[in-house]
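Coordinate inspection notes
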Amino acid sequence: MFEISRINLAVVLMFGMLSYANNVIAANCYEKSPNLISLHDGYYNMEASKALSNKDKDMLNNLFSNIAGKWKGESINTECKGPDRAPRKEYKNSTIDVDMRLNSDGNLRIIAEMYYPEEKVIKHKAFSLLDDLNIFEFKASGDNGLVFSERHRRANVNKTSRLTETIYEIKLNLKSLLFVRAYYINGVFVGEEKWSMTRN
């Protein structure tokens, strides 16, 4: 019963929110980051992180207050595989229960339980938004939308390094919420997570 009800929920949400989801971040495998395209060599400048203005902080406060609470829905994970000449996307679906809480410092703490019906396993994720100083692009759309990116320089095992970027997009629409994290390595798209949710 647990498994069937979660699968039915996923199907309903997937079709009910399809047109809403089409407007968010979409990229082909190994496509250049929009920030790399706009910034060129400046994309690799790790000292160009952004300090949020008081206006930005007020918008964040309002948005985080609006989306704090319990949500449920579907997650679609996309991962790019294969060589540059013939890339392919692999998908993994799950249903999710999410608790979003405001921290004392005003950041949003996200705790998610994810059920993968094909594997019959439950996984958990927990992270905070905007508690990182490596914020590079930031755009808030009033009290119901936000796009921002984080970039980090990571060490490889062979003593080289790679630049990782995560572009976040959040869209609140009445009682539905879309949360997307798109992943880039050295400026090219390698995968994303897309959560489509309604109030629990």
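Description of the structure in this document. (Residues numbered from 1 in each chain as written. Predicted model: local features only at pLDDT ≥ 70, side-chain atom pairs only at ≥ 80, totals over all residues. Heavy atoms only, no water.)

Moving on to the nonpolar core. In this structure, I67, L129 and W195 are the most contacted members of the largest nonpolar core, which totals 27 residues. Top element by residues in this core is strand β3 (residues 108-116). It accounts for five residues. When residues no more than four places from it in sequence are discounted, the contact partners of W195 are E74, S75, I96, V98, I110, A112, M114, F127, L177, L178 and F179. By size, the runner-up hydrophobic cluster in this structure holds ten residues, among which are C29, L36, C80 and A182. (Core = buried A, V, L, I, M, F, W, Y, C linked by side-chain atoms within 4.5 Å. Buried < 20%, exposed > 50% of the residue type's maximum accessible area, 1.4 Å probe, protein only. Helix = DSSP H or I, 4+ residues; strand = E, 2+ residues; numbered from the N terminus. Contact = heavy atoms within 4.5 Å.)

This brings us to helix α4 (residues 54-67). Along its 14 residues, α4 runs 20 Å from first to last C-alpha, staying within 8% of the 20 Å computed at 1.5 Å per residue. Turning to α4, its buried residues number three or more, namely D56, L60, L63, F64 and I67. Within α4, the buried residues cover an arc of 95 degrees as seen down the axis, which keeps them to one side. For α4, the exposed residues set more than 90 degrees away from the buried face come down to N54 and K55. Looking at the residues trailing α4, positive phi occurs at G69, about 135 degrees. (Expected span 1.5 Å × (residues − 1). Arc of directions from axis to C-beta.)

Across a sheet, strands are paired by hydrogen bonds formed along the backbone, either parallel or antiparallel in direction. An order of β4-β3-β2-β1-β9-β8-β7-β6-β5 is seen for the nine strands of this open sheet, with the pairing classed as antiparallel. Each edge of the open sheet is held by one strand with a lone partner, namely β4 (121-129) and β5 (135-140). Across the sheet, the mean angle from the axis of one strand to that of its neighbour is 20 degrees, orientation sign disregarded. Bridge count between β3 and β4: nine bridges; the pairing is antiparallel. Across the sheet, the residue bridging to I110 is F127, located in β4. Together, β1 (69-81), β2 (88-102), β3, β4, β5, β6 (145-155), β7 (161-173), β8 (176-185) and β9 (188-199) form the strand contacts of α4, whose direction differs from that of β6 by roughly 105 degrees. (Pairing = 2+ DSSP bridges. Axes fitted to C-alpha atoms, helices over the stretch in contact; angles between N-to-C directions.)

Attention shifts here to the pattern of salt bridges. According to the stated counting rule, one finds eleven salt bridges in the structure shown. A salt bridge links R151 to E137; its shortest N-O distance comes to 3.0 Å. A residue pair is termed long-range when its members are at least 10 positions apart, and R151 in strand β6 and E137 in strand β5 qualify at 14 residues. Close ionic contact of R181 with E193 constitutes a salt bridge, the shortest N to O distance being 2.8 Å. Of this pair, R181 sits in strand β8 while E193 is found in strand β9, placing the two residues twelve residues apart along the sequence. A residue is classified by how much of its surface remains accessible, and E193, at 5% relative accessible area, is buried. Sharing partners across several salt bridges, the network here consists of K70, D99 and R101. (Salt bridge = Lys/Arg side-chain N within 4 Å of Asp/Glu carboxyl O.)

Let us look at the pairing of β8. Burial of β8 is extensive: eight of the ten residues sit out of reach of the surface. Of the strand pairs in this sheet, β7 and β8 are connected by ten bridges, and their pairing is antiparallel. Among the inter-strand pairings, N173 is bridged to a residue of β8, identified as S176. Following β7, the chain reverses through two residues before pairing antiparallel with β8; L174 in that reversal takes a positive phi of roughly 55 degrees. Connecting β8 to the next strand, β9, in antiparallel fashion are two residues, including N186 with a positive phi near 50 degrees.

One pair of aromatic rings is described through two measures. These are the centre distance and the angle between the planes. On inspection of all chains with the given rule, the structure shows seven aromatic pairs. The interplanar angle of 40 degrees and the centroid separation of 5.2 Å between the aromatic rings of F179 and W195 together place this pair among those described as tilted. With F179 in strand β8 and W195 in strand β9, this residue pair connects regions lying 16 residues apart in the sequence. F179 gets classed as buried once you look at its relative accessible area, which sits at 2%. Note that K123 overlies the ring of Y116, its terminal NZ or CZ placed 5.1 Å from the centroid. Residue placement shows R181 over the ring face of F127; its charged tip is 4.0 Å from the ring centre. (Phe/Tyr/Trp six-rings, centres within 6.5 Å; stacked < 30°, edge-to-face > 60°. Lys NZ or Arg CZ within 6 Å of the ring centre and 35° of its normal.)

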